[in-house]
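Survey of secondary and tertiary structure
Below are the chains, spelled out letter by letter.
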Amino acid sequence: MINSSDVQTAIVADGAVPDNKTRRYDRQLRLWATSGQAAIEQARILVLSSSATSTSILKNLVLPGISHFTILDHSLVTPEDAGNNFFLEGPESIGKYRAQEAVRLLAELNEEVEGRADTRNFREFLLNGENNGVREWLSGYTIVIVHNLDKDLLETLSNILWHDDSFPPLVVVRSAGFLADFSIQFHEHTVIESHIETSPSLRIDNAFPALKEYALSLDLDNMDITDHGHIPYVVLLVRALEDWKKEHNNLQPKTYAEKQSFKSLVSSMKRKLDEENFEEAESQAYRCWTSSSVPSEIVSLFSDSRLSAPSASLPAFASFASLPPFFQLLKALQIFTERNGYLPLTSTLPDMRSSTEEYVRLQNLYKRRAEEEKAEVKNILIDELGGKVDDSMLDDFVKNTHRLKVLKGRKWGAFVHSNGGQLIASALETSPKQAATHLGLSALEDVLFKKGYSSLHGKAPAPQITIEELTEAAKATLPPGVTLPETEWNEVAGELMRAPTADLPNTAALLGGLVAQEVIKMITKQYVPVDGCCVVDLIETWTGII
Amino acid sequence: MISQSNGFATPHDWAGRYYHIDQILDASGPRTDPAFSAGDEVKDFLRNKAKILVIGAGGLGCEILANLALTGFKDIHVIDMDTIDISNLNRQFLFRQKDVGKPKAIVAAEFIMKRVPGVTVTPYFGKIQDKDEDYYMQFNLIICGLDSVEARRWINATLVNMVDGENPESLKPLIDGGTEGFKGQARVILPTITSCYECSLDMLNKQTAFPICTIANTPRLPEHCIEWASVLEWPRVHGEKKMDTDDPEHITWLYQTASKRAKEFNIEGVTWSLTQGVVKNIIPAIASTNAIIAASCCNEAFKIATSSAAYLNNYFMLIGTDGVYSYTFEHEKRADCPVCGGEAVDMSISSELPVEGLIDLLVEKQDIQIKKPSLSTANKQIYLQAPPQLEAATRPNLSKKVSELVPPGGEITVTASTLPFSLSLRITYT
Ligand SMILES: [Zn+2]
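Per chain, residue numbering runs from 1 following the sequence as it is written. To read the labels, note that chains go from A and ligands from 1, taken in the order they are written. Only residues with pLDDT of at least 70 get local features here, since the model is predicted, and only at 80 or more are side-chain atom pairs given and counted; chain-wide, interface and lining totals rely on the full set of residues. Side-chain metrics rest on all non-hydrogen atoms present in the structure, leaving aside hydrogens and water.

With that out of the way, let us pick up the overall build of chain A. In terms of regular secondary structure, chain A is built from 24 helices and 10 strands. Overall size of chain A, expressed as C-alpha extent along the three principal axes, is 90 × 65 × 55 Å. Burial classes: relative accessible area under 20% of the type maximum marks a residue as buried, over 50% as exposed, and values in between as partly exposed (1.4 Å probe, protein chains only). Of all 546 residues assigned to chain A, the portion counted as buried reaches 56%. The contact rule is simple, with two residues in contact once any of their heavy atoms fall within 4.5 Å. A separation threshold of at least 6 residues defines the contact pool for chain A, and within that pool the share at least 24 residues apart is 73%. Under the DSSP-based scheme used, a helix requires at least four consecutive residues in state H or I and a strand at least two consecutive residues in state E, with every element numbered from the N terminus.

Rendered as structure tokens:
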């Protein structure tokens, strides 16, 4: 028994006003909590070039508090750079190392973040990488980001980073004038806390024993009338469903007519006209026929080859504990669902009309059952499978099984090049604007490269490009017989011709935000990153995914 | 340094400064309006003539100011009534720890002028309502980066009212942005021509309001305990002393009071941070989302000011929680919009409904959103919330049936202090 002075001390101890760091990050902690923040504070970001787009991306990563960023860029600030980049000091920066100026001004945004300017010539560094440890160096970063990188360097870099799936993901950002696209090269990305807005099943159609027992124990007809108006709808529905099944060969309402008459049954249980808990039960009645079986998106995760070792050999699964923890948990979940037919229960209840006492009682029933089912998962994982995962990850996993996500990434360029170009060909049919924009940016990359124009430095005069050159480059990547959608292509190519090397401040800022959002999702493993290539058109103001 | 290459040179411009932007301004694209006059004329307008107002120097405002300055707007004004708080520093990137407590508008203006040579940013530390139509008339464009619905309704109604059919200059495009977590929206409003802010009020998320009886008698969630502490206990214990949600000591008191109640009712989950979140109605905010929405607003401003490309028609919505999802669409004007529609709002009520009931209905209506409405007809006052004498005089009407006071098809004028205009209701009875 705790006496009141103990309570008071406990409250004051953890109720102290948050420290400065918590206050500074308050508005983001409300999105990704301390776990996400901890991941951000360990992240090391490498960015090639310090273009306006690059510094815009970094700004949105330095502010939330990454551990470290390096800008790799040996170029000196040109007058052109000084005009469009907020992280250069106008004419005063001209002639200085662009990376050093940008790092200095970006680091001012957050004292907790370490910034480093690396002014080595990265063309030489990357192309001779085999000899000078470029792989090891790159693998020291959490994520690598490039903007408008020369085509040959981009290919080299993406090959190096794709080589080993422990190497950092590569974010490739391209822009010209009002048009842009970006995608993330990664092998696989797993998400437990996806924050997807689907609520877990309350399992009313298949109530667990303690809940069913409680619902059946209530003497609805004779209990105090106030208490009657305070029974949570979950309990009412479980009770009504049991009553219904007794009358209907143990079957749940299936047809429209049955569902309607089930609702009338709920309504007829009222003892007073205005019992709001019964009204709520009626409006939530659909939960009785929403099956608590395992959602197909989750079932599909079980087809991962790492989970399909023959079950006979499971106990002896030599390498099970060496699987990534997420997949150990997924295997345990698979076995759990095969035995039970549902996902582990979560203890989060929505609010509902009820007295405090009844609500807390129901909450405790759910909590106890959720603990039991979690213990079952843990038991499968550790005792049956010989797995090894820390408890806090197990907790998070079990709470989020209804919204787990596994993304399979692809190598940079795979979209246009693989399957003999079939992917881009079908995208041109289904989303011609998006596909044409993506193809146009690739064609531009090609043409600029062939002209020997390095997009690393903005320098007047802008290169002259013709629509024919772009069209030729685009056609070269398409499989025979596939044609460009004329209207969309002309709109894209004309716009690229107009502004082939323009890193517009607004486009840069918008990409800075979009890319930083994705990087944060990758780093925190919370929320769901983009699956595919994101295309941006700032003339009509849309984004699309191909 | 003076530029040689761009015709209308101004001091501070250096050769190559506008290399990136001039690629757009020197030539048309395939989707550019034929009226676009590429070259010196449009540059001169953008850099020497255009005058733009930014409302809000917070999360969106900081980004907006930086973008506008870099795109070449030279005469920028900014209004903000707030001072800098430490919790702004995770995204309001023009502010530093040493600036905490200073006015946002002033610090932001100084920073921009220091960083981007040749730009003049004129700050006003105060409320938008302090300024009159003459003030707003001087701008070509207005961009709004606000977190207050009330302020947005005010500026929207003000700009719609300013439109004078005889004077095309009186139509001021309003670009409005808003964010919440990984989500946001940007829109272009051409007052009286496109749908206005008021037209889309029903798209706002309804604020969760907890019934007072739940708070008082049957708390179930930690939020219920916090509301109990702030709505019921604070006035009971502290009497007239006003609660200041920016005062950490006040939050601590609320937190402790809510915690005690939660303990008593076996409710888990009251924390200091949740307490602060509930009483201040804190909306999560991050730099990246603000960057997206601010850039989109500024991009529309740039396109409208230069005609270099078509502008957004008229609503862009972005959701970044599950991949990158966005939706661009034309929000339709509402014929019965109380600000830009001109038609009275039709309302059908029971002939038995008392005035009090009508007031409740109005307060609940999502597309109207008023707190304390006063009602009158052309020739009589039905109920006035203030001043006290008139409130007392009209109070007996509260229990009368509306049908006793207003004939079928009659109009009721609704006003409220939170409403920058009056609303006409056409009443029919069932
Ligand atoms: Zn309107």
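Here the narrative resumes.
Turning our eyes to something else, we now look at the UniProt feature "active site" (unreviewed entry) in chain B. Residue and element names in this part refer to chain B. UniProt positions are given in the numbering used here, feature names are shortened, and annotations may be inferred rather than shown by experiment. Mapped onto this structure's residue numbering, the UniProt feature "active site" (unreviewed entry) falls at Cys213. Note that cysteine 213 resides in helix α7 (residues 212-216). Cysteine 213 gets classed as partly exposed once you look at its relative accessible area, which sits at 45%.

What follows is about unusual backbone geometry. Peptide bonds are trans in most cases, and residues, glycine excluded, mostly fall at negative phi. Note the cis peptide between asparagine 313 of chain B and asparagine 314 of chain B, where omega equals -10°. Within the secondary structure layout, asparagine 314 of chain B lies in the loop between α11 (287-306) and β7 (315-319). Phi angles above zero are rare outside glycine, and asparagine 249 of chain A is one such case at about 50°. With respect to the element layout, asparagine 249 of chain A can be found in the loop between α12 (233-247) and α13 (256-268). On the accessibility criterion, asparagine 249 of chain A (70% relative accessible area) is exposed. Positive phi, close to 60°, is recorded for tyrosine 527 of chain A, a residue that is not glycine. Mapped onto the elements of the fold, tyrosine 527 of chain A is located in the loop between α24 (505-524) and β9 (534-537).

Residues and elements named next belong to chain B. Counted as donors are the N, O and S atoms within 2.8 Å of the metal, or 3.2 Å for Na, K and Ca, while water is not among the atoms, so some sites may look incomplete. Within the first shell, the zinc ion binds the protein through Cys196 (SG), Cys199 (SG), Cys337 (SG) and Cys340 (SG), at distances of 2.2 to 2.3 Å. Coordination geometry of the zinc ion: the four donor atoms subtend angles of 98 to 120° at the metal centre, consistent with an arrangement described as tetrahedral. Here the donor residues of the zinc ion share one chain and are spaced in sequence as C-x2-C-x137-C-x2-C. Taken together, the residues cysteine 196 in the loop between β6 (183-189) and α7 and cysteine 337 in the loop between β8 (325-329) and β9 (345-349) connect sequence positions 141 residues apart. Both residues of the pair, cysteine 196 and cysteine 337, count as buried. Working rule for geometry: tetrahedral if four donors all subtend angles between 85 and 135 degrees; square planar for four, octahedral for six, if opposite donors exceed 155 degrees and the others stay between 65 and 115; irregular in every other situation.

So, on to the environment of valine 389 of chain A. Residues and elements named next belong to chain A. With respect to the secondary-structure elements, valine 389 resides in the loop between α17 (356-384) and α18 (391-399). In the structure, valine 389 is positioned 103 residues away from tyrosine 286 in sequence and 37 Å away in space, judged by C-alpha atoms. Setting aside chain neighbours within four positions, we find valine 389 in contact with Pro325, Gln328, Leu329, Leu381 and Leu394.

Any Lys or Arg side-chain nitrogen located within 4 Å of an Asp or Glu carboxyl oxygen qualifies as a salt bridge. Scanning the entire structure with this criterion turns up 63 salt bridges over all chains. A salt bridge links aspartate 152 of chain A to arginine 123 of chain A; the nearest nitrogen and oxygen atoms lie 2.8 Å apart. Of this pair, aspartate 152 of chain A sits in helix α9 (residues 151-162) while arginine 123 of chain A sits in helix α7 (residues 122-127), placing them 29 residues apart in sequence. Close ionic contact of glutamate 188 of chain A with lysine 408 of chain A constitutes a salt bridge, the shortest N to O distance being 2.5 Å. Placement of glutamate 188 of chain A in strand β7 (residues 188-191) and of lysine 408 of chain A in strand β8 (residues 405-408) is noted, with a sequence separation of 220 residues between them. Owing to a relative accessible area of 47%, lysine 408 of chain A belongs among the partly exposed residues under this scheme. Members of the salt-bridge network, linked through shared partners, are Lys433, Glu491, Asp537 and Glu540 of chain A together with Arg31 of chain B.

Two measures define how a pair of helices packs: the angle their axes make with one another and the distance between the axes. One way to put it is that α24 of chain A packs onto helix α3 (residues 59-71) of chain B with a least axis distance of 9 Å and a crossing angle of 150°. As summarised for this structure, α24 of chain A and α3 of chain B are arranged roughly antiparallel, according to the angle between their axes. Between α24 of chain A and α3 of chain B, the residues in contact are Pro505, Asn506 and Ala509 of chain A and Asn67, Leu70 and Thr71 of chain B, respectively. Three classes are used: nonpolar for Ala, Val, Leu, Ile, Met, Phe, Trp, Tyr, Cys and Pro, charged for Asp, Glu, Lys and Arg, and polar for all others, with Gly counted as polar. When grouped by side-chain class, the residues that make up the contact of α24 of chain A with α3 of chain B number three nonpolar, three polar and no charged. Angles shown run from 0 to 180 degrees and are taken between the N-to-C directions of axes, each axis being a line fitted to C-alpha atoms and, for helices, limited to the stretch in contact. Roughly parallel means an angle under 35 degrees; roughly antiparallel means over 145; roughly perpendicular covers 65 to 115; every other angle is labelled oblique.

On to the UniProt feature "domain: E2 binding" (unreviewed entry) in chain B, then. According to UniProt, the feature "domain: E2 binding" (unreviewed entry) maps to residues 347-430 of chain B in the numbering used here. For residues 347-430 of chain B, helix accounts for 25% and strand for 25%, while the C-alpha atoms at its two ends are 10 Å apart.

The next thing to look at is the nonpolar core. Throughout this description, the term nonpolar core refers to a set of buried Ala, Val, Leu, Ile, Met, Phe, Trp, Tyr and Cys residues connected via side-chain atoms within 4.5 Å. Of all hydrophobic cores here, the largest spans 114 residues; its most connected members are Ile45, Phe69, Phe86 and Ile145 of chain A together with Leu68 and Ile76 of chain B. Ignoring anything within four residues of it in the chain, the contact list for isoleucine 76 of chain B reads Ile52, Val54, Leu65, Leu68, Ala69, Val119, Thr120, Val121 and Thr122 of chain B.

Turning our attention to the domain arrangement of chain B. Residues and elements named next belong to chain B. Parsing chain B into structural domains produces domain 1 (18-205 + 286-329), domain 2 (212-280) and domain 3 (345-429). Relative to domain 3, the C-alpha centre of domain 1 lies at a distance of 37 Å. In this description, buried area is defined as the sum, over both parts, of the accessible area (probe of 1.4 Å) that is lost when the two are combined. Counting each side, the surface lost to burial between domain 1 and domain 3 is near 770 Å², with a carbon and sulfur contribution of 55%. Ranking the residues of domain 1 by area buried against domain 3 places Glu150, Arg153 and Leu201 at the top, with a combined share of 50%. Summed over the shared surface of domain 1 and domain 3, the result is zero salt bridges. By the criterion applied in these results, polar contacts are pairs of N or O atoms within 3.5 Å in which, for protein atoms, one can donate a hydrogen and the other can accept it, and in which residues neighboring in sequence qualify only through two side-chain atoms. Applying the counting criterion to the domain 1 and domain 3 interface returns zero residue pairs in polar contact (both at pLDDT 80 or more). Each residue belonging to the side of domain 1 that touches domain 3 can be placed in one class, and the counts come to four nonpolar, one polar and four charged. Reported domain spans reflect what an automatic or database domain assignment gives.

Take the interface of chain A and chain B next. Between chain A and chain B, the residue contacts involve 97 residues of the former and 92 residues of the latter. Both sides of the chain A and chain B interface together cover about 7700 Å² of buried area, and 60% of this is carbon and sulfur. Counting the surface chain A buries against chain B, the share from its top three residues, Arg27, Phe86 and Arg498 of chain A, is 12%. Counting across the interface, chain A meets chain B through nine salt bridges. For the salt bridge of glutamate 108 of chain A with arginine 96 of chain B, the shortest nitrogen-to-oxygen distance reads 3.6 Å. Our count for the chain A to chain B interface comes out at 42 residue pairs in polar contact (both at pLDDT 80 or more). Ranked by residue count, the leading element in the side of chain A that touches chain B is α24 of chain A, at 11 residues. Residues that form the side of chain A that touches chain B fall into these classes: 51 nonpolar, 23 polar and 23 charged.

We now examine the sheet that holds strand β10 (residues 542-545) of chain A. Residue and element names in this part refer to chain A. In short, DSSP must find at least two bridges between two strands for them to pair. With mixed pairing, eight strands are arranged side by side in an open sheet as β3-β2-β1-β4-β5-β6-β9-β10. The open sheet has two edge strands with one neighbour each: β3 (114-118) and β10. Across the sheet, the mean angle separating the axes of adjacent strands is 15° when strand polarity is ignored. With four bridges connecting them, strand β1 (residues 44-48) and strand β4 (residues 143-147) associate as parallel partners. Looking at the pairing, valine 47 lines up with isoleucine 145 of β4. Along the sheet, helix α4 (residues 52-62) makes contact with β1, β2 (68-72), β4 and β5 (170-176), crossing β1 at roughly 170°. On the sheet, α9 packs against β1, β4, β5 and β6 (179-185) and is oriented at approximately 160° with respect to β5.

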